[in-house]
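Listed below are the residues making up each chain.
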Amino acid sequence: MAEFSLQFSSTPLADTSAFRLLELPPELCKIVEEGLNSPAGPSLVIKGNPDEDAVLCTADKTYTIRSVVLSNSVLVATPDSSTKSQGDADAVVIRDQLKEILELAPSLPRLRRLDALLKDAEYNEGHEDEDGRMSEDEDSAPVLTYAEARETLQASDIELDRGLRDRRVLILGGYLRRLAPSYLTTILELLLTNLVSLSLSHEAASVAELCSALDGHDVSRDVCRQVMAWFGEVADGKWKVNVAAAVKEVGLGILRAYKDDPIAQSELLAKWCSTVGDTFESTVSLDLLAGNYLVQTDTLKDPPVTALAYFPSSQLPVDPAARFTDLFLTRPRWKADEIVPFLADIVVDSKERDKLLLKYTRTITNTEGIWYTARAKYNG
Amino acid sequence: MIIPIHASNVGASTSQHTFPPQLAQFGSEEVILIELQGSLEAEGDKQGQTVGKLRIDDATKKSTLRIGHHLLEGKLVNLPKPLAVLHRRPSDTAADGDTSMNDADEPDSKRPHAGWDVVVIVRRKMVFSKRPMPMMDRVATMVSMESKMGEGGK
């Protein structure tokens, strides 16, 4: 029978509320455990402004932190740090009394604020020559540095970098600047045509050669290099093109003009193919543009024409309820394979997506298959 | 705002003080978690005061906690998910100390450099879930017997 003396802390001021219990999901537990056994710990940070819910970021993942209140209280007890022993009993010191634990749930990086922050920092044609004196130009003065973005946005470093790439944000002189979509399409078209005209392999194209070729079209080398990195891998001065990504971006560039006035599917594909050139024609596929267009059938024409309208999911609200409202305002009912691409960017996995569909939609099955309609007709 | 959480063996477990194995089996060598129904309340200055006696039966692995005349029976419970015990890094402004109202969701803005250390990962806890049983020492028994007898005599 071992006996210990349970004591209150002798330094209550320093100890009270100095402890927290954080529930670890298995994958995070592994990371932390490895960290505890090595001198270099993993990068774990809590991020958030005082008015936001805090998130925990590892190197590549984001978790939301939720405080769960316990009806019981948990005492955090440690061995007695003072060497004096009380009689023969070992002392167990209560350092803190807790009423809550922190739960973690995987979350998507919260990068939506980036759009607002970068609204005035667009980089467009004609900006090429002002690299050196950008800060003097007040109208288009870049507002956000990379370091600031890292500080304010609730996303892990890898997710932030990916988010910046997906949003086509350039880092010029430490400042973040969004590349204008039309200009991006121009650059990409130039890159693809130059690949062919310089007869470079798209598996390993010389970066230097392409840069100097585009220099002739007034595209800054820095911009050119970053664009190449977005659409492939740059290593040892060679560019391995991610053909699908590049072709998709060109397709988006074409589609973007048809927001209110849909374009016939065949016409779009023809335009797209001719823009990317013979070499990459085989990659062209409507699947690449999933989540960016709506299909409409123009029945007035004979035979009926399938037309596509630009409808990017990236411009829909992030909040699930608002997104579903928007989607059902656009269309009263959706087929499963039609609606799925428009939910992909707000859910972590398909399980969560199905949960959202259950919560916000009603399913109707008829001869044409399953349709999703709005659950609540009257919002408010 | 960024608040770092440090999880490395540098600086985290500098104390050589560890629990003996009888206690460590209820959590870890550095920290054990004791769960109580309700909470411990004490009047007056409780700094360094003794709360009670914690006994562990080596054979049955049962723990008991005796606080005053109350005896609690505890058991070992495995946590469904491991818990990391975080400890706030002492900072220069630690003297003001009164941050108990802060939620973890609202990190204290007055301490921009506050960080947290992962002390240890705990997978078990000691739970005292039952009501306390009244317990009488021999002396206490005598006294109460006497008083009872006294009452009976009236």
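Refer to the structure above for everything that follows.
Before going into details, it helps to say that this report is about the structure given with it. Worth saying up front: this structure is predicted, and the values here are computed from it rather than measured.

### Re the interface of chain B and chain A
The accessible area lost on association of the parts is a frequent measure of interface size. Contacts between chain B and chain A engage 63 residues on the former and 66 residues on the latter. Carbon and sulfur atoms supply 60% of the area buried between chain B and chain A, which totals about 5,900 Å² over both sides. Across the chain B-chain A interface, the total number found is three salt bridges. Ionic pairing is found between Arg123 of chain B and Glu33 of chain A, a salt bridge with its closest N-O pair at 2.3 Å. Where chain B meets chain A, there are 24 residue pairs in polar contact (both at pLDDT 80 or more). At the level of elements, strand S1 (2-6), helix H1 (21-24), strand S2 (32-37), strand S3 (50-56), strand S5 (70-88) and strand S6 (116-128) of chain B are the ones that each hand at least two residues to the side of chain B that touches chain A.

### A short note on the packing of helix H9 (residues 243-255) of chain A against helix H10 (residues 265-276) of chain A
Residue and element names in this part refer to chain A. Contact pair H9 / H10: the axes reach a minimum separation of 10 Å and the direction vectors enclose 130°. Taken together, the axes of H9 and H10 are oblique relative to one another. Between H9 and H10 lies a crossing whose hand is right-handed. In contact with Val247, Lys248, Val250, Gly251, Ile254 and Leu255 of H9, H10 contributes Leu268, Lys271, Trp272, Thr275 and Val276.

### Structural notes on the nonpolar core
Looking at soluble globular proteins, one finds that nonpolar side chains tend to be buried together. Counting residues in each nonpolar core, the largest one holds 48 residues, and the members touching the most others are Leu179, Ile187, Leu191, Leu195, Val227 and Trp239 of chain A. Broken down by secondary-structure element, the contributors of at least two residues to this core are strand S8 (169-172), helix H6 (181-197), helix H7 (207-215), helix H8 (221-230), strand S12 (238-241), H9, H10 and strand S15 (305-310) of chain A. In terms of residue count, H6 of chain A provides more of this core than any other element does, eight residues in total. In this structure Leu195 of chain A touches Leu200, Ser201, His202, Ala205, Leu210, Trp239, Val241 and Phe280 of chain A, once residues within four positions along its chain are discounted. In terms of nonpolar packing, the next biggest core, distinct from the first, is built from 23 residues, Leu23, Phe26, Ile34 and Leu36 of chain B among them.

Thresholds, definitions, all that
- Residues numbered from 1 in each chain as written.
- Chains lettered and ligands numbered in written order.
- Predicted model: local features only at pLDDT ≥ 70, side-chain atom pairs only at ≥ 80, totals over all residues.
- Heavy atoms only, no water.
- Contact = heavy atoms within 4.5 Å.
- Buried area = accessible area lost by both parts, 1.4 Å probe.
- Salt bridge = Lys/Arg side-chain N within 4 Å of Asp/Glu carboxyl O.
- Polar contact = N/O pair within 3.5 Å; in protein donor to acceptor, adjacent residues only side chain to side chain.
- Helix = DSSP H or I, 4+ residues; strand = E, 2+ residues; numbered from the N terminus.
- Axes fitted to C-alpha atoms, helices over the stretch in contact; angles between N-to-C directions.
- Parallel < 35°, antiparallel > 145°, perpendicular 65-115°, else oblique.
- Left-handed = near helix turned anticlockwise from the far one by under 90°.
- Core = buried A, V, L, I, M, F, W, Y, C linked by side-chain atoms within 4.5 Å.
- Buried < 20%, exposed > 50% of the residue type's maximum accessible area, 1.4 Å probe, protein only.

Structural measurements only, silent on function.
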